[in-house]
Amino acid sequence: MGRYLARRLIQAVPVLFIVSLITFFVMHLMPGGPLAAYMNSPGLTAEGLARLKHYFGLDRPLYVQYLSWLGELVKGNLGTSFVNGQPVLGRILERIPATLALMLPSFLLSVILAVPIGVVGAVRKYSWIDYLLTIFAYFGIAMPTFWFGIMLVIFFAVRLGWLPAQGWLTPGMGFSWTDLLRHLILPMTVLALYSVASWSRYLRSSLLETLGKDFVRTARAKGLAEATVVLRHALRNALIPLVTVLAMDMPTLFSGALITETVFAWPGMGNLFYVSLTKRDYPVLMGILVFVSFLVVVFNLLADVLYGLLDPRIQYE
């Protein structure tokens, strides 16, 4: 296991390098360039724009800019924001608490709901409850996140006035768990709807396939109760595809949800990415993308470890 993990970590280095290379050069292909936000300033002259380019190092060849940025990245320095001059790492770290406050309960709620829904859908295949859960899943997957979020805001925040429409804490009030929970309900509902719908379908499909395998028929032939066959023997094997999906989604715990955080003005990583994108703040955008890429590699490695725990037949060589 140790040699396997070490080999995977070494393999992650070129992957992160290629990701950084592609994202850097693709980002610089965007129209307008990193100083697009300054172009509309009426007081900015051509000489002032030239001084800004020189100050940010944008008058150098693109490959020189990349090598300079990569060298600082290796040292742990993600650069400084073009907009306010703050360190990128500091801006990312200050948004993580709000992101975790939203994404972690949404993730846990989604897992808690998706697993029983997937199991019931597989065990009661083609029954009325399976059709009902299927309709719910199609609704959750097909529903545009931004539209659903806006509808919740209009109904529960504007018309009924039961819940706050934006932010994660009421301005001017001290921190309280009750206040945080009230702000969480609407964005958490939006995030959980899609996750529960998609994850439950993965689990239903995987469990249906597993229930038809020989070892399940053998367990039934031994006279084991159906609940024991499903929960103790079939479900453990059926969870492997779901673990893959969860591992791919777990980086969002730290990277946030761009659309949902924007709709609800949640001050997390997704909101930071959106604001940085509109202002062409390249260092912040690159910092977030590299940070998310690193998390994707780490959680994929974690998924590989979990495969072995769920299915002892999987060997690490």
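Scroll up a little and you will see the structure.
Residues numbered from 1 in each chain as written. Predicted model: local features only at pLDDT ≥ 70, side-chain atom pairs only at ≥ 80, totals over all residues. Heavy atoms only, no water.

## Side note on the pattern of salt bridges
Any two side chains of opposite charge can pair, given that their charged atoms come close. Taken as a whole and assessed by the stated rule, the structure comprises 5 salt bridges. With a closest N to O distance of 3.7 Å, Lys 75 and Glu 72 form a salt bridge. For Lys 75, a relative accessible area of 66% puts it in the exposed group. With its nearest N and O atoms 2.3 Å apart, the salt bridge here joins Asp 214 to Arg 217. In this pair, Asp 214 and Arg 217 are both assigned in helix α9 (residues 214–221), 3 residues apart and thus about one turn of the helix distant. Note on Arg 217: relative accessible area 45%, which makes it partly exposed. (Salt bridge = Lys/Arg side-chain N within 4 Å of Asp/Glu carboxyl O. Buried < 20%, exposed > 50% of the residue type's maximum accessible area, 1.4 Å probe, protein only. Helix = DSSP H or I, 4+ residues; strand = E, 2+ residues; numbered from the N terminus.)

## Here's the deal with the nonpolar core
By size, the foremost hydrophobic cluster in this structure holds 24 residues, and its most contacted members are Leu 35, Phe 56, Trp 69, Ile 92 and Ile 288. Counting only elements with at least two residues in this core, the list comes to α1 (2–27), α3 (46–56), α4 (62–74), α5 (88–123), α13 (269–278) and α14 (282–310). Broken down by element, the residue count for this core peaks at 6 residues, all from α14. (Core = buried A, V, L, I, M, F, W, Y, C linked by side-chain atoms within 4.5 Å.)

## Some points on a nonpolar patch on the surface
A cluster of nonpolar residues, Phe 146, Trp 147, Ile 150, Met 151, Ile 154, Val 158, Leu 258, Ile 259 and Tyr 274, forms a patch on the protein surface that exposes about 800 Å² of accessible area. Within the residue set of the nonpolar patch, elements represented by two or more residues are α7 (145–159) and α12 (258–263). In terms of residues, the nonpolar patch owes the most to one element, α7, which gives 6 residues. Along the chain, Met 151 falls in helix α7. (Patch = residues over 30% accessible without salt bridge, like charges linked within 9 Å, V, L, I, M, F, W, Y side chains within 5 Å. Areas by Shrake-Rupley, 256 points an atom, 1.4 Å probe, with all protein chains shown as cover.)

So far we have only geometry, and geometry alone does not tell us how the molecule works.
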